[in-house]
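# Observations on chain architecture
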Amino acid sequence: MAGAAYVQGGISSPTTFFTKLEPTGTSINFTKEFGDGKNRIRAIAVDAPTGDIVVTGITTSQTLPTLHAFQNTRVPSSSATGFVAKFDSSANSLIYSTYLGGSVDDRSLAVALDATGGAIVAGTSSSPNFPVTPGAIQPMISGGPTCFVTRFGTNGEFLFSSFLGGHNGSNCNGVAVDAS
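Residues numbered from 1 in each chain as written. Predicted model: local features only at pLDDT ≥ 70, side-chain atom pairs only at ≥ 80, totals over all residues. Heavy atoms only, no water.

With that settled, consider the sheet that holds strand S3 (residues 28–33). Overall, antiparallel pairing links the 3 strands, which are arranged S1-S2-S3 in an open sheet. Two strands lie at the open edges of the sheet, namely strand S1 (5–10) and S3, each paired on one side alone. Strand-to-strand twist of the sheet, defined as the mean angle between neighbouring strand axes without regard to direction, takes the value 15 degrees. Sheet analysis places strand S2 (residues 16–21) next to S3, joined by 5 bridges and oriented antiparallel. The residue of S3 that forms the bridge with Phe18 is Lys32. (Pairing = 2+ DSSP bridges. Helix = DSSP H or I, 4+ residues; strand = E, 2+ residues; numbered from the N terminus. Axes fitted to C-alpha atoms, helices over the stretch in contact; angles between N-to-C directions.)

Now for the sheet that holds strand S4 (residues 39–46). The strands that make up a sheet pair up through hydrogen bonds in the backbone, lying either parallel or antiparallel. Spatial ordering of the open sheet is given by S4-S5-S6-S7, a layout of 4 strands whose pairing is antiparallel. The two strands at the open ends of the sheet, each matched to only one other strand, are S4 and strand S7 (94–100). Each neighbouring strand pair of the sheet contributes to a mean axis angle of 15 degrees, computed without reference to strand direction. Pairing of strand S6 (residues 81–87) with S7, which is carried by 6 bridges, proceeds in the antiparallel orientation. Residue pairing in the sheet places Ala85 in a bridge with Ser97 of S7.

As enumerated under the stated definition, the model contains 9 aromatic pairs in all. Seen in terms of ring centroids, Phe130 and Phe163 are 5.8 Å apart; in terms of plane orientation they differ by 50 degrees. Their pairing is tilted. Here Phe163 lies in strand S11 (residues 158–164) and Phe130 lies in the loop between strand S9 (119–125) and strand S10 (146–152), a separation of 33 residues in the sequence. (Phe/Tyr/Trp six-rings, centres within 6.5 Å; stacked < 30°, edge-to-face > 60°.)

Time to look at unusual backbone geometry. Positive phi values are uncommon outside glycine, yet His68 reaches one of about 50 degrees. Counting through the fold element by element, His68 comes out in the loop between strand S5 (53–59) and S6. For Ala91, which is not glycine, the phi dihedral falls at a positive 65 degrees. Tracing the backbone through its elements, the reader meets Ala91 in the loop between S6 and S7. Looking at Ala91, the relative accessible area reads 3%, which means it is buried. (Buried < 20%, exposed > 50% of the residue type's maximum accessible area, 1.4 Å probe, protein only.)

Next up, the structure:
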């Protein structure tokens, strides 16, 4: 039966997790903790054809598990850095995991998947050196915390990244992908 529910959150200890509930709501298929307790998952998306799971969030950890990473380490001076991780449908295997940030404060707050299973991540950055791609719509931060949108391929390839925001600061909390 299709229609499993995926929930992300935290518990009283500094642990963040995501859980898959069976469609009937009568049992838990799995619960997966991620990282060393310094990670906070803020959003989750599921690839409908494959069941692969993508999570994004915020970390202060220097030991985030990375695999096929665009960014293998967290900039030590940053107060918080975003991350993106993709798991297989059973959450047993990590497909890719990467930090996403610069030297100040970066928060990955939303994720959506395109038709190929690629992840589009949105959030807020205060880092002037946040990774953006050549030709970005807005290549520089504008006056304070600024929205960003970053796209990764199916296996974590860094495809594009841009700031999107005004001069008084901006905060992106959601992202969606159209059917085409």
